[in-house]
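Residue-level listing of the chains:
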Amino acid sequence: MIREFSEINLLDRNSFHVEQRAARLIEFDRWEELHTLFTTQRPERWMVLSGGNNILFTQDYDGLILTPVAQGIELLRKEGDEVLVRVEAGVEWDDLVAWAVAHELWGIENLSLIPGKVGAAPVQNIGAYGCEAKDMIERVLGYDTELCTYTALTRAECAFGYRDSIFKRALKGRWIITAVEIRLSLRANPQLGYGDVAREVEARGGATLKNIREAISDIRRSKLPDTNLLGNAGSFFKNPVVERSVAEQLLATYPDMPHYPAADPDCIKLAAGWLIDRAGLKGTRCGAVGVHDRQALVLVNHGGATGSEVIAFAHHVIRTVKERFGIEIEPEVNII
Ligand code: EPU
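Quick caveat, the model's predicted, so the values are computed rather than measured. (Residues numbered from 1 in each chain as written. Predicted model: local features only at pLDDT ≥ 70, side-chain atom pairs only at ≥ 80, totals over all residues. Heavy atoms only, no water.)

## Side note on the overall build of the protein chain
Argument step 1. In terms of regular secondary structure, the protein chain is built from 7 helices and 20 strands.
Argument step 2. For 336 residues, the compact-globule estimate of 2.2 N^0.38 gives 20 Å, and the C-alpha radius of gyration of the protein chain, at 20 Å, lies within 12% of that figure.
Argument step 3. Referenced to the eigenvectors of the C-alpha coordinate spread, the extents of the protein chain come out at roughly 60 × 50 × 40 Å.
Argument step 4. Across the 336 residues in the protein chain, those meeting the buried criterion constitute 51%.
Argument step 5. Within the protein chain, contacts between residues at least 6 apart in sequence are counted, and of these 61% link residues at least 24 apart.
Argument step 6. For the protein chain, the accessible area works out to roughly 15500 Å², and carbon and sulfur atoms hold 49% of it.
Argument step 7. Distance between charge centroids for the protein chain: 2 Å, based on 38 positive and 47 negative side chains. (Helix = DSSP H or I, 4+ residues; strand = E, 2+ residues; numbered from the N terminus. Rg over C-alpha atoms; globule rule 2.2 N^0.38 Å. Buried < 20%, exposed > 50% of the residue type's maximum accessible area, 1.4 Å probe, protein only. Contact = heavy atoms within 4.5 Å. Areas by Shrake-Rupley, 256 points an atom, 1.4 Å probe, with all protein chains shown as cover. Lys, Arg positive; Asp, Glu negative; His and termini not counted. Charge placed at Lys NZ, Arg CZ, Asp CG, Glu CD.)

Next comes the structure, spelled out in structure tokens:
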């Protein structure tokens, strides 16, 4: 069922809580509705806005916003000790994790409490605590607005990378995700290697799905601001991937600098949160925008900030880190 709005205020539809307007917004739940739209009254300018958790509006949007709202989690089939599940794009990601944990299905428990909808998960390949959505995604289903067909992409075709996929690149502005198929396992496979996870899980009595979900949720709550109380879009910046020699030079000066292997063996991933923190920016603010005081990767709207003010502050953070460490960090958030 389509719901349509015109001249809509987006304040409650973006987790940064910036006030911008869109000329038109359509909530849809079936690909056939998109097909009718694109074959009969094709919009000149359009974009998808899902949960609005990874976006920063810096201006009003004069085109059409499409928001998937379809609900439903369906068990498609069982294959040995694995199951294939189809999830509609409008399902809250964390409701899916809660469903999997309640059904004793392993795979996405480390991705507990990530804000946003299922349809957005493949776009930036959401990840946390040693897991990424790509590890479980089997296929992504959606509407190709160029070919005007409903189609599916396999995991390999999605070209997933760190906070990256084909949906941010070649298919940006062309494809609309309507559902995701994920593979979960009946076999226990706890992933406790990241940070404090093992300790927090042990403190709750061991590696059950419920304990892992609780531990991860508590760790997130302790570091990341609640978007209902303080506008933000999670990590504002990506962790920079630099050449090994650059990381080694920095490590000679800062031996305690966190660093991780990158997909490319000649490169090293650094922690943007650490760089921002050590540049002295954690907890600082300019007007209504600031760096969160418990996780420096997160920029927050203390109330009433505009998107342009957030951008200006983000540039100040980028400049300061560059001056201090010679590293250029980049926004992870989608800036409109
Ligand atoms: N650190 C600091 N100060 C800070 C923040 C971090 O020194 O203010 C240090 C930490 O002590 C740690 C390192 O930096 O040694 C990494 O920090 P953390 O483990 O908190 O993770 P992150 O790299 O800052 C990434 C993801 C998060 C995800 C966590 C946990 C990105 C851009 N961010 O953050 O994802 O929850 O790992 O896996 O990759 C998100 O994408 O919105 C998000 C929150």
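And the narrative resumes.
## A few points about the site of the ligand
Argument step 1. Contacts to the ligand come from 24 residues, most closely from Tyr129, Tyr162, Arg163, Tyr194 and Asp277.
Argument step 2. A distance of 3.4 Å is found between an oxygen atom of the ligand and a side-chain nitrogen or oxygen belonging to Arg220.
Argument step 3. In the model, a nitrogen atom of the ligand is placed 2.8 Å from a nitrogen or oxygen of the Asp277 side chain.
Argument step 4. When its residues are assigned to classes, the shell around the ligand shows 12 nonpolar, 6 polar and 6 charged.
Argument step 5. Per-domain counts for the shell around the ligand show at least three residues from each of domain 2 (73-199) and domain 3 (231-335). (Near = heavy atom within 4 Å. Polar contact = N/O pair within 3.5 Å; in protein donor to acceptor, adjacent residues only side chain to side chain. Nonpolar A, V, L, I, M, F, W, Y, C, P; charged D, E, K, R; others polar. Domains from an automatic or database assignment.)

## Quick word on helix α1 (residues 31-40)
Argument step 1. What α1 keeps buried is the set Glu33, Leu34, Leu37 and Phe38. Projected down its long axis, α1 carries its buried residues within an arc of 125°, all on one side.
Argument step 2. Of the surrounding elements, those touching the buried residues of α1 are β2 (21-28), β3 (46-48), β5 (61-68), β10 (137-144) and β12 (175-185). (Arc of directions from axis to C-beta.)

## Examining the side chain of Thr58
Argument step 1. The residue Thr58 is located in the loop between β4 (55-56) and β5 in this model.
Argument step 2. Reaching out from Thr58, the side chain makes a polar contact with the backbone oxygen of Ile336 at a distance of 2.6 Å.
Argument step 3. Leave out the neighbours within four places in its chain, and Thr58 touches Gln20, Gly307, Ser308, Ile311, Ile335 and Ile336.

## Observations regarding the pattern of salt bridges
Argument step 1. Applying the stated criterion across every chain yields a total of 33 salt bridges.
Argument step 2. Asp94 is the salt-bridge partner of Arg213, the closest N and O atoms lying 2.8 Å from each other. Of this pair, Arg213 sits in helix α4 (residues 209-223) while Asp94 sits in helix α2 (residues 93-102), placing them 119 residues apart in sequence. Of the two residues, Arg213 and Asp94, both sit in the buried class.
Argument step 3. The shortest N-O distance in the salt bridge between Arg221 and Asp218 comes to 2.9 Å. With a gap of 3 residues between them, Arg221 and Asp218 both fall in helix α4, about one helical turn apart.
Argument step 4. Through salt bridges that share partners, Arg77, Glu79, Glu82, Glu138, Arg155 and Arg183 make up one connected network. (Salt bridge = Lys/Arg side-chain N within 4 Å of Asp/Glu carboxyl O.)

## Some remarks on helix α7 (residues 307-325)
Argument step 1. Compared with the 27 Å implied by 1.5 Å per residue over 19 residues, the 27 Å span of α7 between its first and last C-alpha is a close match.
Argument step 2. Restricting attention to buried positions, one finds in α7 the residues Gly307, Val310, Ile311, Phe313, Ala314, Val317, Ile318, Thr320, Val321 and Phe325.
Argument step 3. Looking one or two places after α7, you find Gly326, whose phi comes out positive at around 75°. (Expected span 1.5 Å × (residues − 1).)

## Description of the domain arrangement of the protein chain
Argument step 1. Domain boundaries in the protein chain define domain 1 (3-68), domain 2 (73-199) and domain 3 (231-335).
Argument step 2. Relative to domain 3, the C-alpha centre of domain 2 lies at a distance of 26 Å.
Argument step 3. On the side of domain 3, 6 residues touch domain 2, which itself brings 6 residues to the contact.
Argument step 4. Summed over both partners, the interface of domain 2 with domain 3 comes to about 480 Å²; 38% of that surface belongs to carbon and sulfur atoms. (Buried area = accessible area lost by both parts, 1.4 Å probe.)

## Side note on the environment of Glu248
Argument step 1. Tracing the chain through its elements places Glu248 in helix α5 (residues 244-253).
Argument step 2. A C-alpha to C-alpha distance of 19 Å links Glu248 and Ala279, two positions 31 residues apart in sequence.

## Points about the packing of α2 against α4
Argument step 1. One can describe the packing of α2 onto α4 by two numbers: an axis separation of 9 Å at closest approach and a directional angle of 155°. Considered as vectors, α2 and α4 are oriented roughly antiparallel to each other. Here the hand of the crossing between α2 and α4 comes out left-handed. Residue-level contacts link Asp94, Val97, Ala98 and Val101 of α2 to Leu209, Lys210 and Arg213 of α4. (Axes fitted to C-alpha atoms, helices over the stretch in contact; angles between N-to-C directions. Parallel < 35°, antiparallel > 145°, perpendicular 65-115°, else oblique. Left-handed = near helix turned anticlockwise from the far one by under 90°.)

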